[in-house]
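Letter by letter, the chains look like this.
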Amino acid sequence: MASWLGGLGSGLGQSLGQVGGSLSSLTGHISNFTKDILMEGAEEVGDAATELHVSNYRLRETESINAALKLENERLKKLCSDLEEKHEAAELQIKQLSIEYRNQLQQKEVEISHLKARQNALQEQLQKVQKAAQSAQLGAGVLPPATTSASYVPAVKHSLGFEGDVVDFGDVIWSQQEINRLSNEVSRLESEVDHWKQIALSSKVQGTNDAEQSEICKLQNVVKELKRNLSREIDEHQHELAVLQDAHRQKLVEISRRHREELSEYEDRIEELENQLHQGGVNADAMSDSKITEQKKIAQSLEGGKVEELHVVKDLEDEIRKLNLKLSSAKEENEILLKEQELAKVEKIQVTQEYEKLKSDFSVLQSSVAEQDALLKEKEKNLQSKTSLPEDVVRLQQALLEAENEIARLSSLNQGRLEKELTSAPHKNENILSASTEDQNSELSQLRHDLERKEHELNESIAERETLIGELEELDKQNQEATQHMITLKEQLSKQHTETDGIIKQLKFDIDFERKKVSALEIEKMEAIKELDSQKEKLSQCSYALNDLHISKQQLQENIKDIQEQLRKAQDCNLHHKKEIRELQQRLKEKEEELSLSLSKLTEKSNQESKYSCQDLILEEREVEIAKLQNDISQNKQLNEDLEKSLSDLRTENGKLIAAIEELKQELSEVVSEKNKVYFEKDTVVEALKMEKRQLQSELNQTEKRLLEQAHKYEQSIEELSNARNMDTTALQLEHERLVKLNQEKDFKIAELKRSVEQMEIDHQETKEMLTTSLGGQKQLTELIKEKEVFIEKFKNQALQVKQELEQHKKVSKKQDVLKQNLEEKDRSLAVMKEENNHLKEEIERLKDQQSRSTPVVEPKTLDIIIELESEVTQLKVIKNNLEEEIEVLRKTIEDQNQTTVQLQQSLQEQRKEIDESKFQCEQMNVTHERLSLEKDEEIKKLQKTIEQIKTQLHKERQIIQTDSSDLFEETKVQSLNGENGNEKHDLSKAEIKRLVKGIKEREMEIKLLNEKNVSLSQQIDQLSKDEVGKLTQIIQEKDLEIQALNARISSASYRQDVLCLQQQLQAYAIEREQVLAVLSEKTRENSQLKTEYRNIMDMVAAKEAALVRLQEENQKLSNRSENSSQDMSRETIQNLSRIIREKDIEIDALSQKCQTLLTVLQTSSTGTGNGSGGVNSNQFEELLQERDKLKQQVKKMEEWKQQVITTVQNMQHESAHLQEELQKLQAQISVESDSNSKLQVDYNGLIQSYEQNEKKLRSFSQELAQVQHSIGQLHNTKDLLLSKLDLVTPSLAMTSPVSQLSGVQYGAPEVLSDESKILQKELEQLKKKLQESDSTIRTLQENNQRLSDSVATASEIERRNQEGTESELRQIREKHDILQKLLREKDILIKSKSDQLLSVSENLSNKENENEVLKQAVTNLKERNLILEMDIRKLKEENENIVARCREKETEFRALQETNMQFSMMLKEKEFESHSMKEKALAFEKLLKEKEQGKTGELNQLLNEVRSMQEKAVTFQQERDQVMVALKQKQMESSALQSEIQHLREKEQRLNQELERLRNHLLEMEDSYTREALAAEDREVKLRKKVVLLEEKLVSSSTAVENASHQASLQVESLQEQLNLVSKQRDETVLQLTISQDQVKQYALSLANLQMVLEQFQQEEKAIYSAELEKHQKQATEWRKKAETLEEKVASLQNSLEDANAALDAASRLTEQLDIKEEQIEELKREGEIKKEMLEDVQNKLMNLMNSTEGKVDKLLMRNLFVGHFHTPKNKRSEVLRLMGSILGIKKEELDQLLSEDQRGVTRWVTGWLGGGAGSKSVPNTPLRPTHQNIFNSSFSELFVKFLETESRPSLPPPKLSVHDMTPLGAAGTGKTSNTPSNSQLQDSAVLGTSRRPDTNPFLAPRSAAVPLITPASSSGHLLMKPISDALPTFTPLPVSPDASAGAVLKDLLKQ
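Residues numbered from 1 in each chain as written. Predicted model: local features only at pLDDT ≥ 70, side-chain atom pairs only at ≥ 80, totals over all residues. Heavy atoms only, no water.

Next up on the list: the environment of V1401. Within the secondary structure layout, V1401 lies in helix α26 (residues 1310–1491). In sequence terms V1401 and L1223 are 178 residues apart; their C-alpha atoms lie 8.8 Å from each other. (Helix = DSSP H or I, 4+ residues; strand = E, 2+ residues; numbered from the N terminus.)

Below is the structure:
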């Protein structure tokens, strides 16, 4: 959103920049014209001809100027049209955002209402629980009224969101705070419930059975009442829901009807306005371009046309707003329905939780809190994703954390009131902690008020910020720069606040650090005085507090016992309820399964509906809402898991019950498994289902009721939004004021709620006090002290938690201030170095002074020269240091300026991105037309590839052509109509919701695409901006180098001169230097302490200077952003600084007054004790005086520093004004340049895109031609293929006959193949017939192709015309490109001028350096003051030595004072014991009075009068105490007078002595008065004791008094004491509230002034922007209408061409239908051929099975040939034959060796071994032998065998395919060898199939078995082994060889064996 608004702002900036560029070009023309006129005046000639030439030349010049002005006018019109379009887009975005924010507001209000209802329910439950607990305690006791008032707190109405006209964003923040508050309240109530549970558990062991039974009965009664209330509320909700549903349906029907009517009216109105605009644009553009005189008339006509166009544009804007509102209303309805679904789910969950609350009283509270927290997290995530304001989110989170802490603290007050009362007692008894408790209480109250004030401030600031954002979005969305200025202003103000806070903290830290050093001794002395005062004040309170605490402790113990009993009972209930919850979970699971089953079995089990009517009803109701119920079940499961977690915590507390729970779990699991089996048979399960049905019905009724209520609210909000649409800026201001008032009212309501909480606390205290009166008894003080220590530890833990939270906040602020601290540390290090240099210089100057004093007579001239040289050296060093400081300051400023430039460039980049986005949105109309043409091209390609899809795509194209680009609104209308029909059909409108979800997803995808394009464009813009930044950085670096060079020159030259001078001085004065160094060493020791103090002050000064520099930079930034408000803001910052300095001065004065009062108190105490002890302690007094002097010095330093800061601030004000003006000029120029550059780039990119689009169109037309030609070629190819297929059919007959014969000979199945050949012949005849038919179809196709070619020719002519039009457009684009290049050249000239302006800025910086020298002079003044201070310090040291001696004397006095303090403490303890005894006696008398009821009323009245007199005396005692405090204040005033007199001690010691004597006399007098008052108090105490004795005697005499009267008297005494406490507390609270309210009033005044300035500025900017935007939008509208007309003409031409193409395509579709028929026939023939092929493969497999079955048999002929061949081989090679035969037969190597080695048996052994090996060999077939050529008879058997295997290993021909379409005509039969090959190959394939099926065969040699020739070869001669094998021959098994090995390797292995 921010980026989009930034785009609008940058668009404005670009338009303004172009205006500036055009004006600069005009000024250039005018300047050239004036120059030419002057030149002509110099060259005038008297001839008439020359004058004619001159006049003609001038006329030409004026004509050229006129033309330039016309171009400028046209360009300005374009800019106006662009701005108008942007304005419209901005309004759309604004409305969408406002709708989203309002929807969020409504959600938050609904959540608040739910949370309030939940809180009320929880508080009612708490009340009932507490009533039950207290009734159990007291029987017929008093009920606490504190709980009843809890229901009053949340009863405040907050439904103010829709009372006004418009809902603002402040309400969203308030709703979030309200939600957090309610959630915290829920957590507090849960913690109270847990507390009562623990108390009940602890007290259950000690309780009695009677109390348990009574409590159980009470709880049961409460449960029954709750159930009754729930049933009654459910009935009411159902009734209301039905009424609301009817109303909602009626309103939906009315709204849909109105929406349709308004849409139709708006469409008609838009068409009329477009026509009017078109006519107005043509009239406005028609201007005469003749002469200069007519330009005025033209301008007037332009103005009139602009006024008319403004009216038209306003009407258009109103209509567009209405349309946008209608569109947004449809979206809102959909969003409302989605939200209503979510809320319905939430309500169902709440109803289930209420049902669980009836069963489990306390565990449900935890689950509900978890649910609410989950909902709050989801809502916060949604808000964070939508509001793109991370800084606001961080602030809101901080505010929420603070509010939660405040609410938790206020809620803890109800429970922890007794604890606070208990904690106050031990603090009062302890001596040291007494003062700290008061401070803590005051600090706590201050912290509370501060937190409240911060909450108010945060709420106000957030509300103000949200209102400002809303106003900006509604008024000025097209100008993002303004909103960015405001955001940056707020950020900078927050930064300034943080920086100033950090500086203040540092200053406070330094001041406190120094004060701690000074006041370390004073605190120790003050503690004793504070102890005396606090003990006197708290004596009377301690006794009452101890009794009350003891009684409350006993009461709490009894309460704990009762609550422990209740808790144990509740735990048993929880266990029982847990079991029930698990059963319900299992039932829910079973129900889900049963629902799926029952849906399938509803039709079958109609007879069983009578038995299970309840189940059927449940199933029918849940069919619609199964998806919702599943979500609810998942949420219930999560809630149940949370319950289990809470119960696991209870198990840890109750370890004994764990075993029983586990047993119950096992039993429950068994019972559940049994129930799953026998579910339909049990009546108990049916009853449970009925109960669940009722619950679900109640849930549905409640949810429907709430949905209808929300629908009413949403309708009201829609009406209010429609009313708010037409509001002006004045209405927005009124709305802003109204919202401010609403915020104030809410603040008052919050304050009232807090007051009600405080009243509840007071009521709670009163109830506790009433209970304490009924309970009596006391225990020992030791037990109380232990309990108090425990409470102190708890309080400390709470304080630590608060501190930790504060530390976390501080850490966050510290992280932000880390960078600032680093910079300040660097500045401090520089300051330290400067101080050291200054000290050295000062020492050198002192040396020079001493030298000049020591030797003035020797050489006066040389000394003068040396002194002058030294002064020059020092001055040069000072200048050097100052220059270095200035260089660093300038670098910082340059870095800051670089950062600002980077930020500006980033903002420009964002604006450029958003301009591109807006242009992209504007050009979508053109893109739609281009997409239509591209879609047509793609569809033509698809028609050529897949002819079946022609009809469907033609239908789609016609639909696409009919839907024009102007029907965009109709699409949304259709969607809305469909959605409304869906609403009428379906009550819950699920279909419409799904459609809306899809639409939202599609829009999100479009947004993502736009974002990607923006990123690519921003990268291009970044490169250009980096170049400009690089140039600026180069210029700055050059300036830095120049500054360094100058510094080097100054430092080098001056330093050498210094060295020479110093060397001469050292040689001349070496002896004197040694003496001076000795003196210096002593001085440095003395000044070391002074230096530390001086460094601290200088650090503070440096920090202030850094802060001033930052403020200056921020003022510069502010001046750039806002011209009017910048100066006011800088003044306000300076005023804030001055106010901070004044506050610091006031703090210093207060500290000084404190010191004076402390001194006076110490002096009075010391003099008083000195009179008592007789000694005077002067040493202590001297120490105090030293400390006072130090404080005075620090105060003076601070005052001097304050004056310097004021001077520097004034200087900085003057500097900031100049810098702001210069920077404003520079930034305006830079913005103009950047806007013009970005505009040129955008125009250039647009031209390039249009050129590329035209090229794409040309390419697409050429592709269409190529595709048409390719389609014709494809048709010819299909014809050729069909003819070739006909040719292939004739030779296929010749091929099938020899194949059939061969197969018959080979396989012995000739009959089968002959039948197949007959079938094939029949099929071929059919194919011939079909081919003839296909020839006829081909001819028709050719005719259709000719028609298509004619249509293509016509289309090509139309395309040529389009190309000519595009060429003309390209020429115009090129002309525009040339114009843009000229503008770019002009911009380059402007950039050069800007570089010159940058040089001028650098000169201004040098001027600033000169101004910085003023600050350096201030530093020198500080140094001079430091010297003066050193002189003063020397004097003060001498005075301090005198005072130290006196302080030692004071120490003795102080010791005496301590002794008197101890005596006072003893006296106070005695008084405490006496008060205790008095109370005990009073209690005894009360008992006596109760015993003796009969008596005298007159005596009782006397007793009452005496009691009243006692009370009056107590009041007088308090008044006397107040008088003592007044006297102390008078002493403080007198001590301040003393301090003013002590300041004169530096000048004269005599005044100090006189002041000391006067002070001593005064202190003696005050001490005497103090002692007299103490004696008078003691006398009063003696009198009181006597009176108490008399009262005791009277009480003994009046023992027969009435008991009721004595009871009333005691109550009155206690009530008076409580009233005193309350009055004191109220007084403190009112004082704090006054201070807080004053601060708030000041802040409100400042914020109102700022807001008024900002609003005035924005109103001024709005007026200017709207006027510019309207003109721009008018011009843009005319241009777009022209473009739309041209595009409509193109569309018409394209439609004509498409109709022609469609006619051609219809003819082609007929051809394709015929082709499809032919192709189907061909496919049928192919299928038949594949069937035949499968039959052939089956026959081959059968033959191979036969072959494999015969392979395992032994062939007798083969064995005979092998046996005979062995004897035919030569004898020397027979062993090889035997080895080979043995290896073939599978005989092992070892056996063969044994057989061959034994030559005894000879042939018989060989034969037997042969036969034995053959019998044992495997029955796997061997490859038979086949001779290929004439073998030599003499060769050996092994060689022949190897040759045979080599011939067989050669690859054979592949098997031929038997498909019909692949057949080729065969030639002659050839030899027998060729005729054998097909069969062999077929057999080979079959063999491969066979081997694949049998895993035992070898893959290497198995196929060779199939290669045996079945026909005898021609050559009969050869070896015996090579003879042909008959069918009956046996075969051998093949060798197992790996398939990877080659044939040669296998043969070699055989030979080796």
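Right, let's get into the packing of helix α31 (residues 1774–1785) against helix α32 (residues 1789–1797). α32 packs onto α31 with a crossing angle of 145° between their chain directions and a minimal axis gap of 10 Å. Crossing hand, α31 versus α32: right-handed. For the pair α31 and α32, the contacting residues are S1775, L1778, R1779, G1782 and S1783 in the first and L1792, D1793 and L1796 in the second. Its residues assigned to classes, the contact of α31 with α32 comprises 3 nonpolar, 3 polar and 2 charged. (Axes fitted to C-alpha atoms, helices over the stretch in contact; angles between N-to-C directions. Left-handed = near helix turned anticlockwise from the far one by under 90°. Contact = heavy atoms within 4.5 Å. Nonpolar A, V, L, I, M, F, W, Y, C, P; charged D, E, K, R; others polar.)

The next thing to look at is the confidence of the model for the protein. Per-chain confidence: the protein averages 76 in pLDDT, with 75% of residues scoring 70 or above. Between the elements of the protein, mean pLDDT differs from a low of 41, seen in helix α35 (residues 1872–1893), to a high of 90, seen in helix α29 (residues 1603–1751). pLDDT under 50 marks residues 963–988. Its contacts with residues more than four places away, or in other chains, come to 35 contacts. (pLDDT = per-residue confidence, 0-100.)

Taken together, the side chains of E265, D268, E271, E274, E1685, E1688 and E1689 present a region of like negative charge at the surface. Elements with a minimum of two residues in the negative patch: α4 (209–285) and α29. The leading source of residues in the negative patch is α4, at 4 residues. One can find E265 in helix α4. (Patch = residues over 30% accessible without salt bridge, like charges linked within 9 Å, V, L, I, M, F, W, Y side chains within 5 Å. Areas by Shrake-Rupley, 256 points an atom, 1.4 Å probe, with all protein chains shown as cover. Salt bridge = Lys/Arg side-chain N within 4 Å of Asp/Glu carboxyl O. Lys, Arg positive; Asp, Glu negative; His and termini not counted. Charge placed at Lys NZ, Arg CZ, Asp CG, Glu CD.)

What follows deals with the environment of E1688. Position of E1688 among the secondary structure elements: in helix α29. Residue classification places E1688 among the partly exposed positions, given a relative accessible area of 42%. Between the alpha carbons of E1688 and H929 there is a distance of 9.1 Å; along the sequence they are 759 residues apart. (Buried < 20%, exposed > 50% of the residue type's maximum accessible area, 1.4 Å probe, protein only.)

With that settled, consider the packing of helix α30 (residues 1756–1768) against α31. Any two packed helices are characterised by the angle at which their axes cross and by the distance between the axes. With their axes 9 Å apart at the nearest point, α30 and α31 run at an angle of 155° to one another. The angle between α30 and α31 places the two elements in the roughly antiparallel class. Remark: the crossing between α30 and α31 carries right-handed chirality. Residues L1762, H1766 and F1767 of α30 lie in contact with α31, whose contacting residues are R1774, V1777, L1778 and M1781. (Parallel < 35°, antiparallel > 145°, perpendicular 65-115°, else oblique.)

The next thing to look at is the pattern of salt bridges. This model, assessed by the stated rule, comprises 44 salt bridges. Close ionic contact of R232 with E236 constitutes a salt bridge, the shortest N to O distance being 3.8 Å. Taken together, the positions of R232 and E236, both in helix α4 and 4 residues apart, correspond to about one turn of that helix. Taking the relative accessible area as the measure of exposure, R232 reaches 43% and is therefore partly exposed. Close ionic contact of K553 with E787 constitutes a salt bridge, the shortest N to O distance being 2.0 Å. On the criterion of sequence distance, the pair formed by K553 in helix α10 (residues 480–601) and E787 in helix α16 (residues 781–816) is long-range, its members being 234 residues apart. The same class applies to K553 as to E787, namely buried.

Bringing helix α19 (residues 924–945) into the picture now. For α19, spanning 22 residues, the distance from its first C-alpha to its last is 31 Å, which sits close to the expected 32 Å at 1.5 Å a residue. Among the residues of α19, H929, E930, K936, D937, E939, L943 and Q944 are the ones counted as buried. (Expected span 1.5 Å × (residues − 1).)

Once that is clear, we can look at the side chain of R1188. Tracing the backbone through its elements, the reader meets R1188 in helix α25 (residues 1178–1307). For R1188, a relative accessible area of 3% gives the class buried.

Time to look at the nonpolar core. Membership of the largest hydrophobic core comes to 21 residues, with the highest contact counts inside it found for M1198, W1201 and V1209. Elements represented by at least two residues in this core include exactly α10, α23 (1070–1121), α24 (1123–1173) and α25. Broken down by element, the residue count for this core peaks at 8 residues, all from α23. The contacts of V1209, once residues within four sequence positions are left out, are L1108, I1134 and L1137. (Core = buried A, V, L, I, M, F, W, Y, C linked by side-chain atoms within 4.5 Å.)

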